Amino acid sequence: MGTIYPDDDYDYLLDDDDDYLLDDDYDYLFKGILLGDSGVGKTNLLSRFSKNKFNLESERTIGVEFATASINVDDTIIKAQIWDTSGQERYRTITNSYCQGSVGALLIYDITRKGTFENVERWLQELRNHIDQNIVIMLVGNKLDQRHLRVVTIDEAKAFAKRENINLFMETSALDGLNVYNAFAELLTQIYYAAG
Ligand code: GDP
């Protein structure tokens, strides 16, 4: 695994409390992007959200890739098309076409690696260089299953988010799935309300 094919079908429904829907019908389509250093878990967060899959040895992301999943907000079906960086993050830059049309972004770091948190600021700058101010951004601390190795506290992450006017923050684990659905659903819900 490691590669997410755009047209992958998924035909499962998750637990009752997760409002996943099958892929054929939707009211809104929102494009979102993932940003953050290599290795923070972008690819696995996306596959956990879109296919409920995790890979311990995911390969480097190559090529242009996105995955889709739909959620239900107020009886409205929102389909998310979420793009992974395709390895662009190795150069700590992203392209215009990657950002184009995005209405949401997950800014991801690894709670066990300080450098990935310090670089979030650069990712944010990069994002703001490419996109209009209205994009909804969520700061995401991933690898919560490794909280015993935590070096980034919730307080410092929240303080950073506040300073940068980022209203959404969550910690997740792509490995055990904790908060992954919640993070994407919250982002999409906020986009939906901002658009409405
Ligand atoms: P990306 O480079 O940002 O796309 O990161 P990947 O999704 O490829 O993940 C990098 C490595 O971290 C892989 O070995 C993953 O198995 C691992 N990984 C990703 N998410 C988690 C997580 O939530 N917890 C743990 N323990 N490992 C993770």
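Reference entry: report on the structure contained in this document. (Residues numbered from 1 in each chain as written. Predicted model: local features only at pLDDT ≥ 70, side-chain atom pairs only at ≥ 80, totals over all residues.)

Structural notes on the site of the ligand
Around the ligand sit 19 residues in total, of which Gly41, Lys42, Thr43, Asn44 and Leu175 are the nearest. With 3 residues, helix H1 (residues 42-51) is the largest single contributor of residues to the shell around the ligand. Tallied by class, the residues present in the shell around the ligand amount to 4 nonpolar, 11 polar and 4 charged. (Near = placed C-beta within 6 Å. Helix = DSSP H or I, 4+ residues; strand = E, 2+ residues; numbered from the N terminus. Nonpolar A, V, L, I, M, F, W, Y, C, P; charged D, E, K, R; others polar.)

Re helix H6 (residues 180-195)
In an α-helix there are 3.6 residues to a turn, and that puts residues three or four apart on one side. Under the 1.5 Å per step criterion, the end-to-end length of H6 is 23 Å for 16 residues, consistent within 8% with the ideal 22 Å. Buried residues of H6: Val180, Tyr181, Ala183, Phe184, Ala185, Leu187, Leu188, Ile191 and Tyr192, and no others. (Expected span 1.5 Å × (residues − 1). Buried ≥ 20, exposed ≤ 12 C-beta atoms within 10 Å, placed from the backbone.)

Structural notes on the environment of Phe54
For Phe54, the location among the structural elements is in the loop between H1 and strand S2 (65-73). With 19 C-beta atoms counted inside 10 Å, the residue Phe54 sits in the partly exposed group. Each C-alpha atom of the pair Phe54 and Asn142 lies 13 Å from the other, and the pair is 88 residues apart in sequence. Here Phe54 is in contact with Asn44, Ser47, Arg48, Ala174 and Leu175, once residues within four sequence places are set aside. (Contact = placed C-beta atoms within 7 Å.)

So, the pairing of strand S4 (residues 102-110)
Among the 9 residues that make up S4, 9 are buried, leaving the element largely enclosed by the rest of the structure. Direction of pairing for strand S1 (residues 28-35) relative to S4: parallel, over a ladder of 5 bridges. Among the inter-strand pairings, Leu34 is bridged to a residue of S4, identified as Leu106. (Pairing = 2+ DSSP bridges.)

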